[in-house]
Amino acid sequence: MLDNTSQTNQVDEAFLQAFTHIFAQEAKTLSVSPGRVNVIGEHTDYNDGFVLPAALQFTTQILCSPRADNIINACSVQYPGDNESFSIDGDIKPGEFAWGNYLRGVVVELKKAGHTLCGMDVLITSNVPQGSGLSSSAALEVAFGGLLNHCCNLGLNEQQIALIGQAAENNFIDCQCGIMDQLISAKAQNNHAILIDCKDLSTRAVHIPENLALMVINSNYPRKLADSEYNQRREACELAASTMGVNKLREANMDMLLDVKSKLDDTTFRRAKHIISENERVLAAADALANNKLNELYSIMAEAHLSLKDDFEITVPATNGLVDICNTALDGRGVARQTGGGFGGAIVCLCDLNDVDTVVKAVNDQYEAKFSLKADIYVCEASQGLRVLDL
Ligand code: GLA
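Computed from a prediction, not measured in an experiment: that's the story for all the values here.

## A look at the state of the cysteines
- Summed over the entire model, instances satisfying the criterion amount to 1 disulfide.
- Here Cys-118 is linked by a disulfide to Cys-152, with a sulfur-sulfur distance of 2.3 Å. Its torsion about the S-S bond being -95°, the disulfide of Cys-118 and Cys-152 is classed as left-handed. In this pair, Cys-118 sits in the loop between helix 3 (98–112) and strand 5 (120–126) while Cys-152 sits in the loop between helix 4 (136–151) and helix 5 (158–173), placing the two residues 34 residues apart along the sequence.
- Its relative accessible area of 10% is what places Cys-152 among the buried residues.
- Considering cysteine sulfurs only, Cys-177 is the nearest to Cys-175, which forms no disulfide, with 4.8 Å between them.
- Residue Cys-326 stays outside any disulfide, its sulfur separated by 4.5 Å from that of Cys-349, the closest cysteine.
- Accessibility expressed as a relative area gives 0% for Cys-326, which makes it buried.

See the structure below:
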């Protein structure tokens, strides 16, 4: 995790100067953690299932210097007027700034786990697109958890830092997310997607071939009901699991689900059908990617999108439309599907590097005309996870 590569050494000079300007001293440590795109495996993480995400080149970066007292002062380049400040002693409550609550949540969870923390001045910047389902909040939680781990000598590994981030999100922010976003942000590897078994958190890196473009296209559809819908999906999965007498849907299979069909309402049945079939698809997709069988990968991902659209119902017309535009333009030479939690957000599109321009043109020509929204298109590099560096 402690890293001295040239990549991390290229700290933005203006960012360093901003720190010195705000806190009247030089920054001592830098922590960097990425956003993510999920190749396949949607909503499976909180069912103890499988996911196959990769980290983006977009990161949250935090500079800090230690303080002699127990205060955390935090500023953000993106929110210039917000001066977040809280003591690590005593009872920490949600504060005034939404972004600051992620820091508070991480501190609360570290304290709950029995760690002794230290005060610090921190400055945050991020180029992870926000509100687009690319895990800007996980990047912040992991970057800050990694920073505290390093500066306060907590001795945590990447997995433990990820779990603290997830706990902050579940308990302090009240979003009942799974572990995927924090774990990939902490443990990602350059040029690889990571197959995660969310039951035991074991990981297997799967190389992404050089000629395969990993595109992320943000629909910019406003994600209004995302949190409440997300929590409802989770409840439906729990209901289906308990009806089958298992703890999590990971332990169920299609035969078991069919056996209890008459006991479930149609919606709950379809939610569980998505999760059970998606787990199988993730394993097959990881093998197809590892063996460079791209056509096989494309058809598995196309099925996954339909399952999200028809059974799990987390897509919206704008993301379905984007998927159709890309798939039609690629004509079988690649695939697109909804990625992340859904209800808007982004799609992921895999295709040969030579076809990137075709996809960009199709989206630019058709998406805004059909949906009155402008898409943001990113050609991504699967990047490294958490890095912490003394300056
Ligand atoms: C969000 C959550 C993740 C995961 C995805 C859906 O990103 O934070 O834990 O459930 O949605 O796959």
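Picking up after the structure, the text goes on.
## Describing the environment of Thr-125
- Note on placement: Thr-125 falls in strand 5.
- In the structure, Thr-125 is positioned 99 residues away from Glu-26 in sequence and 16 Å away in space, judged by C-alpha atoms.
- What Thr-125 contacts, discounting residues up to four positions off in sequence, is Phe-15, Thr-59, Thr-60, Gln-61, Val-77 and Gln-78.
- For Thr-125, the side chain forms a polar contact with the side chain of Gln-78, separated by 3.1 Å.

## Examining the sheet that holds strand 8 (residues 212–218)
- Taking strand neighbours across the sheet as the criterion, the 4 strands line up as 9-10-8-11 in an open arrangement whose pairing is antiparallel. Across the chains shown, the open sheet's two edge strands, defined by having one partner strand only, are strand 9 (334–338) and strand 11 (376–380). Within the sheet, the average angular offset between the axes of one strand and its neighbour, ignoring direction, is 20°.
- Strand direction decides the pairing type here: strand 8 and strand 11, joined by 5 bridges, are antiparallel. Across the sheet, the residue bridging to Met-215 is Val-379, located in strand 11.
- In the packing of helix 12 (residues 356–371) onto the sheet, contacts are made with strand 8, strand 10 (346–352) and strand 11, and the angle to strand 8 comes to roughly 15°.

## Some remarks on the pattern of salt bridges
- This model, assessed by the stated rule, comprises 21 salt bridges.
- In this structure, Arg-333 and Asp-355 form a salt bridge, with 3.1 Å as the shortest nitrogen-oxygen distance. Of the two residues, Arg-333 sits in the loop between helix 11 (317–330) and strand 9 while Asp-355 sits in the loop between strand 10 and helix 12, which places them 22 residues apart along the sequence.
- Lys-361 serves as the salt-bridge partner of Asp-365, at 2.6 Å between the closest nitrogen and oxygen. Within this pair, Asp-365 and its partner Lys-361 are both found in helix 12, separated by 4 residues, close to a single helical turn.
- According to the relative accessible area criterion, Asp-365 is partly exposed, its value standing at 44%.

## Topic: the domain arrangement of the protein
- Domain annotation of the protein identifies domain 1 (5–207 + 383–390) and domain 2 (212–380).
- Centre-to-centre, using C-alpha coordinates, domain 1 lies 26 Å away from domain 2.
- Across the contact, 38 residues belong to domain 1 and 44 residues belong to domain 2.
- Taken together, both faces of the contact between domain 1 and domain 2 bury some 3,300 Å²; the carbon and sulfur share is 63%.
- At the boundary of domain 1 and domain 2, one finds 4 salt bridges.
- There are 19 residue pairs in polar contact (both at pLDDT 80 or more) connecting domain 1 and domain 2.
- Going through the elements one at a time, strand 1 (29–40), strand 2 (50–66), strand 6 (192–197) and strand 7 (202–207) are the ones with two or more residues in the side of domain 1 that touches domain 2.

## What to know about the packing of helix 4 against helix 6 (residues 180–187)
- Taken N-terminus to C-terminus, the directions of helix 4 and helix 6 make an angle of 55°; their axes are 9 Å apart at the nearest point. In terms of orientation, helix 4 and helix 6 fall into the oblique class. Where helix 4 crosses over helix 6, the handedness of that crossing is right-handed. Facing Ala-138, Ala-139, Glu-141 and Val-142 of helix 4, the residues of helix 6 in contact are Asp-181, Gln-182, Ser-185 and Ala-186.
- Tallied by class, residues from the contact of helix 4 with helix 6 come to 4 nonpolar, 2 polar and 2 charged.

## Topic: the nonpolar core
- Counting residues in hydrophobic clusters, the biggest one holds 47 residues, and the most contacted among them are Val-107, Met-120, Phe-144 and Leu-148.
- Secondary structure elements with two or more residues in this core: strand 2, strand 3 (71–76), helix 3, strand 5, helix 4, helix 5, helix 6 and strand 6.
- Take this core: its biggest share by element is 7 residues, from helix 3.
- The residues contacting Val-107, other than those within four sequence positions of it, are Ile-72, Phe-86, Ile-88, Ile-92, Leu-117, Phe-144 and Leu-148.

Scoring rules and cut-offs
Numbering of residues starts from 1 in each chain and follows the order in which that chain's sequence is written. The predicted nature of this model means local features are confined to residues of pLDDT at least 70 and side-chain atom pairs, given and counted, to a pLDDT of 80 or more, with totals for whole chains, interfaces and linings taken over all residues. Neither water nor hydrogens contribute to the side-chain values; these are computed over all heavy atoms in the structure. When two cysteine sulfur atoms lie within 2.5 Å, the pair is treated as a disulfide. Note on conventions: DSSP H or I runs of at least 4 residues are helices, E runs of at least 2 residues are strands, and numbering of each starts at the N terminus. The buried label goes to any residue with under 20% of its type's maximum accessible area, the exposed label to any with over 50%, and the partly exposed label to all in between, with areas taken from a 1.4 Å probe on protein chains only. Whether two residues touch is decided by their heavy atoms; if any such pair falls within 4.5 Å, the residues are in contact. Whenever a nitrogen or oxygen atom comes within 3.5 Å of another N or O atom, the pair is scored as a polar contact, on the condition that within protein one atom can donate a hydrogen and the other can accept it, and that pairs from neighbouring residues in sequence are kept only if both atoms are in side chains. The pairing criterion for strands is at least two bridges between them, as found by DSSP. Axis angles are defined between N-to-C directions and span 0 to 180 degrees, where every axis is a line fitted to C-alpha atoms and, for a helix, only to the segment in contact. By definition here, a salt bridge exists when the distance from a side-chain nitrogen of Lys or Arg to a carboxyl oxygen of Asp or Glu is within 4 Å. Residue ranges for the domains originate in an automatic or database domain assignment. By definition, the buried area sums, over both parts, the 1.4 Å-probe accessible area that each loses when the two are put together. Oblique is the label for every angle not falling under 35 degrees (roughly parallel), over 145 degrees (roughly antiparallel), or within 65 to 115 degrees (roughly perpendicular). Each helix crossing is assigned a hand: it is left-handed if the near helix lies turned anticlockwise from the far helix by less than a right angle, otherwise right-handed if that turn is clockwise. Three classes are used, and their members are as follows: Ala, Val, Leu, Ile, Met, Phe, Trp, Tyr, Cys and Pro are nonpolar, Asp, Glu, Lys and Arg are charged, and the others, Gly among them, are polar. Here, nonpolar core means buried Ala, Val, Leu, Ile, Met, Phe, Trp, Tyr and Cys residues that are tied together by side-chain atoms lying within 4.5 Å of each other.

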